[in-house]
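Summary of the model geometry
Each chain, letter by letter, is given below.
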Amino acid sequence: MRPKKRLIWTKKTMGTDYYPEQWDSALWESDLTRMRAAGISVIRIAEFAWNKLEPEDGVFTYGFFDRFLDLCAEKGMKVIFGTPTATPPAWLSEKYPEILNCDIDGNPYRHGSRRHYTYNSPVYQKYAARIVEREAVHYGKHPAICGWQIDNELNCETTDFYSEADNAAFRVFLQEKYGSLEELNRAWGTAFWNETYTDWSEVHVIRKTVSGGVNPHQHLDYLRFVSESCIRFAKMQADIIRRYKKPGDFVTTNGMFGHLDNCRLQDEVLDVYTYDSYPNFAQSIGRAEGGNAAGAGGEESLGDRDWSRNLSVVRSVCPHFGIMEQQAGPGGWTTKMEQASPRPGQLTLWAMQSVAHGADYVGFFRWRTACAGTEIYWHGILDWDNRDNRRLAEVKEFYKKLRALDETAGADCRGFFGVLQDVDNQFDAEVDCWHGRVEAASRQGIFAAAQKAHVPGNVVSLSDETDLSELASYPVLFYPHAVILDEKRAAVLRSYVEQGGTLVIGCRTGYKDLQGHCVMQPQPGLLSRLTGTTVKDFSFACPGEDPIIALAEDGRVIPMPLFNDVLEPGEGTRVLAAYANGYFQGEAALTEHRVGAGRVLHLGSTFCRENTAWLLCCLHLEEPLQDMVLAPDEVELALQEKEGKKYLFVLNYGREKTTITLIHPAVLLYTGRTVQGDRILPPFGTAVYRLLEERERD
Ligand code: GAL
C-alpha cells in the first residue's frame, strides 16, 4: 500500500516562475508588485542559478538571493527555492569533465545547455550535495520560503546516461541485484548470441550495437538503473534539505519524464509532486514524456485535450499535486518547436484542465519571456516589452475563478473506472517495440473513448505492494497489456475480481516474467485461470488484409485492431464476440469469465476508441453523469468530491461556443449564482459547479 501524504495546498494558489538573475535588479520590485496585483502569491526561483551562489569552486556568495528573498518577504510573496543542480557551472564542467553525461558513442555533452551531468558521478554528487547544503543552511529558515524544488525536470532533455561513471555504477547496481555473473548471465539470457560475460569489467550500460539489437533484458535493467540513479540523487538532496528547512515547508520536484519510477520518487523522496503542464505540445509538435504520455498525437488524438491523459498519470503519482509550470504563452526554442499562441480563453482552459484533474497550485511559466538564450520564444505571461498584455489580463481573470474554487482544494477526482499501470510494463514497452506499439495504441484508445463518452477515469498504479483497498473502489479496471506479470500482481487482481470487480484485459497479456523472459506457459500466463482462457494463436494485423473485426452477441461489429489473440475459452467461460473474418474467423475474440462476485473480460486485440466505446456501454459506464449534465462531444467533464459535496468541471475544447444542460440546479462557483438548464460555454470556455443535493434544490 502506498503511503498517504499531507495536503500541501489547503487553498487554491496561483504562482509563477521567476528568474531574478536574468533581469536588472531595478525591475524586481515592480515585477513583484505587478505579480501580487495579478493574484500571484508564490514564485519558484533559483533552479538554474548555481553561479549566483558559488561563482568559483568553494567560494559562496549569498547576498544576491538574500536581497531578493528579503524583498519577497516585504511584498508578501512566498518562494519555492530551487536547487541548481540541473545546470552545473562552467568552472565545474571544465575542471571535472567526468561529471558530464555522454551520448551513446561516449562523447561528453558540453557546457552551453542544461542537464549535461550524470547522477552517478561521485564528483558531481559531492559538489551537488555541497551546494544544496549551503543553500539549505543559509536560506532554510528564511520566512519567504514555503517549499523546495529539487533540481529541474529530472530526466528531461535526455533519459539516457552513457558515461564511465554510469558504467561503474551500473556494475554495482547489478552486483547488488544478482550477486554473481552467473546470475546476471541467466537473467540477461546471454546464452543467446554468445553474449556471456566472464568478467564484470565487460559489463556496460547499453551501447551501440549492430542493427541496434540491444539485449532486451539488459535494456530493462538499464532503465531500472537510470530510475534508481535518479531517485538516489533526488533523495540525497531531499535528505539534506530536510535537515535545515522550516517545519511545514515542502520538498518537491517538477516534471514527469521517462525512465523514472515516479511513484517511488514521490513515495520515498517528495512531500508533493509538481508537474509542468504544456498542452500546446499535444496540438503542435509533440514531445513524448513519461514513456506513457500524450504528445505525439496519432490517429486518435484529441489535440490539447490529450493532455488530460498526462494529468491523470500525474494524479496517480500524487492525488493532490501542483503545477510548477503551466503554459502561459506560445512555446519554442531557437533550435526547435514552433507553437501557436494560445487563443483568447485557451490559457484559462489549460489551467482549468490542470485544476479539474487535481492541481491545487498553478504556477504559470514564466513571468516574462527571456530576452536572451535558447528560450527567447518560450513565452511567459509578459512579452519582452514588459507591457501589460492580453495574457496578463487572462491570468488575472483566471485568478478570480481560481479563488472562487477555494472550497474544492484537496477534493478527490472521481474515477468511474481505472486503468492500471505499472513501471515494469512501462519500461518494457520502451524496450520492446511489439509491446510499445500495442500499449501506446490502447492507452490512447481507452482515453479517447472515455473522454468522448464523458466517463472520468483514474490511472491506478500497480506494484507488488499494491493491496486490494487501492483497487476495490473501482467497479471496472482496464489492464490493457500486462505483458509482464508476477505472482503478487496476479494475486491482487484475483482478489479484486473475487470481491466483485470487473477486470478488462487486452491481447498480449502475461507472456513475460519480471526479467522480460517469455514464460513457457499458455497466455495469458499467470492470469489464465482468472480469465478462463488461453491464447491458441496470435498475430499482428497483416498488411494487405481487411481490418479484423468481430461480431458480438448483440450483432454489433467490433473492430479488433493492430494485434489479435485467438482465444480458447475454458469451461464456464462465455464467448461474447467471435472473429468475423481472418483465418481465425469463428474463433473467440472477446470472453467473459465469472469468478467469485466479479468477472474478467478478455479482449483479443488492442483497445481503440470504437471498441472501447462499445465496451463502456456494455459495462454500463457511458455517460455516468447524465442525471446531472448533458454535454456535447467537444466538452470534457470531471467530477470532484469533498466532504460529501460534488463539484462538476466542464471544459470546452472547441473553438466554437457550445451548450451544456444542467439537469438540476447547481451553483456556478465563478459567480456564486444558482443556475439550471441550458448553459452556453464560449469557445474554450470553462465552468465549475457545486451540485446541489435534492434537499437544497428549492
Ligand atoms: C520546461 C523547463 C523550463 C523551460 C520550459 C520551456 O521543460 O522546466 O525550464 O525550459 O520547459 O522549455
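As the structure is a prediction and not an experimental result, all values here were calculated from the model. (Residues numbered from 1 in each chain as written. Predicted model: local features only at pLDDT ≥ 70, side-chain atom pairs only at ≥ 80, totals over all residues. Heavy atoms only, no water.)

1. A short note on helix H5 (residues 122-139)
Spelled out, the test is: Counting from the N terminus, the helices are DSSP H or I runs at least four residues long and the strands are E runs at least two residues long. By this rule the span expected of a helix is its residue count minus one, scaled by 1.5 Å. The classification of residues rests on relative accessible area computed with a 1.4 Å probe and restricted to protein chains. Under 20% of the type maximum is buried, over 50% is exposed, and intermediate values are partly exposed. Residue contacts are counted whenever heavy atoms from the two residues lie within 4.5 Å of one another.
Relative to the 26 Å expected for 18 residues at 1.5 Å per residue, H5 spans 26 Å between its end C-alpha atoms, a close match to the ideal helical length. Every buried residue of H5 is accounted for by Val-123, Tyr-124, Tyr-127, Ala-128, Ile-131, Val-132, Glu-135, Ala-136 and Tyr-139. Looking at the buried side of H5, the elements it contacts are helix H2 (50-53), helix H3 (63-75), strand E3 (78-82), helix H4 (90-95), strand E4 (145-149) and helix H8 (216-244).

2. Points about the pattern of salt bridges
Pairing is possible between side chains that carry opposite charge, provided their charged atoms lie close to one another. Rules: Take a side-chain nitrogen of Lys or Arg and a carboxyl oxygen of Asp or Glu: if they are within 4 Å of each other, that pair is a salt bridge.
What the rule picks out here adds up to 48 salt bridges. Across the salt bridge formed by Asp-422 and Arg-489, the nearest N and O atoms sit 3.5 Å from each other. Here the residue Asp-422 occupies a position in the loop between strand E10 (418-421) and helix H13 (423-431), and Arg-489 occupies one in helix H15 (residues 487-498), the gap between them amounting to 67 residues. Neither residue differs from the other here; Asp-422 and Arg-489 are each classed as buried. As a salt-bridge pair, Lys-512 and Asp-428 come within 2.9 Å of each other at their nearest N and O atoms. You can see Lys-512 sitting in the loop between strand E13 (502-505) and helix H16 (528-531) and its partner Asp-428 sitting in helix H13, a full 84 residues away along the chain. With respect to class, Lys-512 is no different from Asp-428; both count as buried. Shared partners join several salt bridges into a network, and the residues in it are Lys-177, Asp-221, Arg-224, Asp-422, Asp-424, Asp-464, Asp-486 and Arg-489.

3. Overview of the packing of helix H1 (residues 28-38) against H3
Counted only if it meets this: An axis is simply a line fitted to the C-alpha atoms; with a helix, the fit covers only the stretch in contact. Between two such axes, the angle follows the N-to-C directions and lies from 0 to 180 degrees. Helix crossings get a hand from a simple test, with the near helix turned counterclockwise from the far one by less than a right angle marking a left-handed crossing and a clockwise turn marking a right-handed one. Classification convention: Asp, Glu, Lys, Arg as charged; Ala, Val, Leu, Ile, Met, Phe, Trp, Tyr, Cys, Pro as nonpolar; all other residues, Gly among them, as polar.
Look at H1 against H3: their axes get within 10 Å of each other, and the N-to-C directions meet at 35°. When you trace H1 past H3, the crossing you get is right-handed. Contacts from Trp-28, Glu-29, Leu-32, Thr-33 and Arg-36 of H1 reach H3 at Phe-64, Arg-67, Phe-68, Leu-71, Cys-72 and Lys-75. Its residues assigned to classes, the contact of H1 with H3 comprises six nonpolar, one polar and four charged.

4. Examining the pairing of strand E20 (residues 598-603)
Short version of the rule: One bridge is not enough; two strands pair if DSSP finds at least two bridges between them.
In terms of residue burial, E20 counts as a mostly covered element, since six of its six residues are buried. Neither face of E20 is left uncovered, since the one carrying Gly-598, Val-600 and His-602 and the one carrying Arg-599, Leu-601 and Leu-603 both have all their residues buried. Where E13 lies against E20, four bridges are found, and the strand directions are parallel. Bridging across to E20, Ile-505 finds its partner in His-602. Pairing geometry for strand E19 (residues 588-595) and E20, over six bridges, is antiparallel. By the bridge assignment, Thr-591 is partnered in E20 with His-602. Taking the residues that link successive antiparallel strands as the turn, the E19-E20 hairpin has two residues, and the phi of Gly-596 there is positive, at about 60°.

5. Quick word on the pairing of strand E25 (residues 673-681)
As paired strands, strand E24 (residues 658-668) and E25 are joined by eight bridges and run antiparallel to one another. Bridging across to E25, Ala-666 finds its partner in Val-675. The antiparallel hairpin formed by E24 and E25 contains four residues in its connecting segment, where Gly-672 sits at a positive phi of about 80°.

6. Describing the sheet that holds strand E1 (residues 13-17)
Pairing is parallel in the open sheet, where eight strands are placed in the order E5-E4-E3-E2-E1-E8-E7-E6. Edge positions in the sheet fall to strand E5 (250-252) and strand E6 (274-277), since each has one partner strand and no second. With strand direction ignored, the average angle separating the axes of adjacent strands in the sheet is 25°. Lying over the sheet, H3 contacts strand E2 (42-45), E3 and E4, oriented at roughly 170° with respect to E2.

7. Focus: the side chain of Asn-611
Within the element layout of this structure, Asn-611 appears in helix H17 (residues 609-618). Setting aside anything within four residues of it in sequence, one finds Asn-611 in contact with Ile-558, Pro-559, Pro-561, Leu-603, Ser-605 and Thr-606.

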